[in-house]
2 protein chains.
Amino acid sequence: MRWDEIDSQVCSIARTLSIIGDKWTMLILRDCFLGVTRFSDFQKSLGITKHRLSDRLGKLVDAEILKKHIYDESYRRHEYKLTKKGIELYPVLMSLVSWGDKWTADKDGAPLEYIHQPCGHKINAGAACEHCDGAVSAFTVTPILGPGIMKKVKRGELVDFDSQEMYTSIKQKSN
Amino acid sequence: MRWDEIDSQVCSIARTLSIIGDKWTMLILRDCFLGVTRFSDFQKSLGITKHRLSDRLGKLVDAEILKKHIYDESYRRHEYKLTKKGIELYPVLMSLVSWGDKWTADKDGAPLEYIHQPCGHKINAGAACEHCDGAVSAFTVTPILGPGIMKKVKRGELVDFDSQEMYTSIKQKSN
DNA sequence: GAATTAAGGTTCCATAATGGAACTCAAAAA
DNA sequence: TTTTTGAGTTCCATTATGGAACCTTAATTC
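Note that the structure is a prediction, hence the values are computed from the model and not measured.

Thresholds applied
- Residues numbered from 1 in each chain as written.
- Chains lettered and ligands numbered in written order.
- Predicted model: local features only at pLDDT ≥ 70, side-chain atom pairs only at ≥ 80, totals over all residues.
- Heavy atoms only, no water.
- pLDDT = per-residue confidence, 0-100.
- Helix = DSSP H or I, 4+ residues; strand = E, 2+ residues; numbered from the N terminus.
- Contact = heavy atoms within 4.5 Å.
- Expected span 1.5 Å × (residues − 1).
- Buried < 20%, exposed > 50% of the residue type's maximum accessible area, 1.4 Å probe, protein only.
- Least-squares fit on C-alpha atoms with pLDDT ≥ 70 in both.
- Core = buried A, V, L, I, M, F, W, Y, C linked by side-chain atoms within 4.5 Å.
- Buried area = accessible area lost by both parts, 1.4 Å probe.
- Salt bridge = Lys/Arg side-chain N within 4 Å of Asp/Glu carboxyl O.
- Polar contact = N/O pair within 3.5 Å; in protein donor to acceptor, adjacent residues only side chain to side chain.
- Nonpolar A, V, L, I, M, F, W, Y, C, P; charged D, E, K, R; others polar.

Residue and element names in this part refer to chain A. Here chain A shows a mean pLDDT of 74. Residues at 70 or above account for 61%. By mean pLDDT, the top-scoring element of chain A is helix H4 (residues 50-62) (94), and the lowest-scoring one is helix H8 (residues 164-174) (37). Taken as a whole, residues 158-175 scores under 50 in pLDDT and shows 30 contacts with residues more than four places along the chain or in a different chain.

Right, here's the structure in full:
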């Protein structure tokens, strides 16, 4: 079976992966959840080639996971924003984060941590807040810089880390 | 940036995807959680070519997500079993299922449903049981056949559906 | 007001990943 | 003795990807 036939399987996982199971697509979505909206910002953050990014964004728009909005008529420039369908992919991303934090993190710890707004505590597990058991969604969580970034910044590493600007803007939002 | 450099990103999602972000790997893991252990069963269920399956299983073993056990010394035949590290990928799979059930299911509904053993109810959301709010893990859930399979079977479709045997064995386990 | 820059792409080509089919190998069954 | 089965490998044609260069429109800079 070729991969482009995989969505014919009677399986929600196969059908989901036929849409977002591409190598780059999940990282594009990660950036979306962190507030990235413009073509050039995705490209800087990911280091993906332009034609590949163009193709992937187009497919996400086709799948109605992202929507293209024009934000400057004279420039004809747009931003890509998550739809409701896209926002609901949040638990997928969060569960990847949880697993990655536990099993792939370097000695510095998690690069980002996630705060559950209703209760103010860090989220540890897949899609439930350890502290209050409340439901977790993209709207109730704020990302903050975690030790995995902070320690490296303090040590002067990450100087030409392309995503640093992004993380700085996150930090400001969370202050 | 090439994909094989992606694990250098300071991001748990990127590092996780560098291990399991491959097109087929998640589907192999899906089968693992459904109880598939043998090379030929993976191949039948997935329709993946043998050399690709061989490569992917090898990488999962290298990543310590699967462990190879010999189950028949004279035949030199083995089975692939999830390690603790692998079992903890369960929330990732469950969140893909939830999203897929909601956004990609056909009119028949979800192909499989998941029962939370402690309370006996279906799981709806990412990683929490709707009914009792208890924690969800691979050990406390039993898959049963959902309407998306059952209705097709009743209509006589799926006759040469390769995975049918697998689903039948699931059904028996859950009876 | 000519040249440069920026956003958001597209085109071209060489390299890498993948699918399909055929082949291997060892042991058991017919 | 031949065939079958599990678990792979090898070979080759097709497809996907990365890198670099190019394009277009509008704005800025010299």
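Residues and elements named next belong to chain B. Between its first and last C-alpha atoms helix H6 (residues 90-103) spans 20 Å; for 14 residues at 1.5 Å apiece the expected length is 20 Å, and the two agree. Where burial is concerned, most of H6 is hidden: 10 out of the 14 residues are buried. Every buried residue of H6 is listed here: Tyr90, Val92, Leu93, Met94, Ser95, Leu96, Val97, Ser98, Trp99 and Gly100.

Now for the relation of the copies chain B and chain A. When chain B is fitted to chain A, the residual RMSD is 0.0 Å, and the transformation amounts to a turn of 180° plus an axial shift of 0.0 Å. The two molecules are tied by a two-fold rotation axis, judged by turn and shift. A shared interface surface links the copies, since 100% of the contact residues of chain B are contact residues in chain A too.

Let us now look at unusual backbone geometry. Residue and element names in this part refer to chain A. Backbone geometry at glutamate 64 places phi at a positive 60°, although glycine is not the residue there. Summarising the element assignment, glutamate 64 is placed in the loop between H4 and strand S1 (66-72). Using a relative accessible area of 53% as the deciding quantity, one classes glutamate 64 as exposed.

Counting residues in hydrophobic clusters, the biggest one holds 66 residues, and the most contacted among them are A:Leu27 and B:Leu27. Each residue touching B:Leu27, except ones within four places of it in the same chain, is listed here: A:Trp3, A:Ile6, A:Ile13, A:Ala14, A:Leu17 and B:Leu46.

This part covers the interface of chain B and chain A. Taken residue by residue, the interface counts 50 residues in chain B and 50 residues in chain A. Both sides together, the interface formed by chain B and chain A hides about 4,700 Å², and carbon and sulfur atoms give 68% of it. Summed over the shared surface of chain B and chain A, the number is four salt bridges. Between B:Glu88 and A:Lys102 there is a salt bridge, with the nearest N and O atoms lying 3.0 Å from each other. Remark: the boundary between chain B and chain A carries 15 residue pairs in polar contact (both at pLDDT 80 or more). Within the residue set of the side of chain B that touches chain A, elements represented by two or more residues are helix H1 (12-20), helix H2 (25-33), helix H3 (39-46), helix H5 (84-87), H6 and helix H7 (147-154) of chain B. Among the elements that make up the side of chain B that touches chain A, the one with the highest residue count is H6(B) (11 residues). Of the residues contributing to the side of chain B that touches chain A, the split by class is 30 nonpolar, 10 polar and 10 charged.

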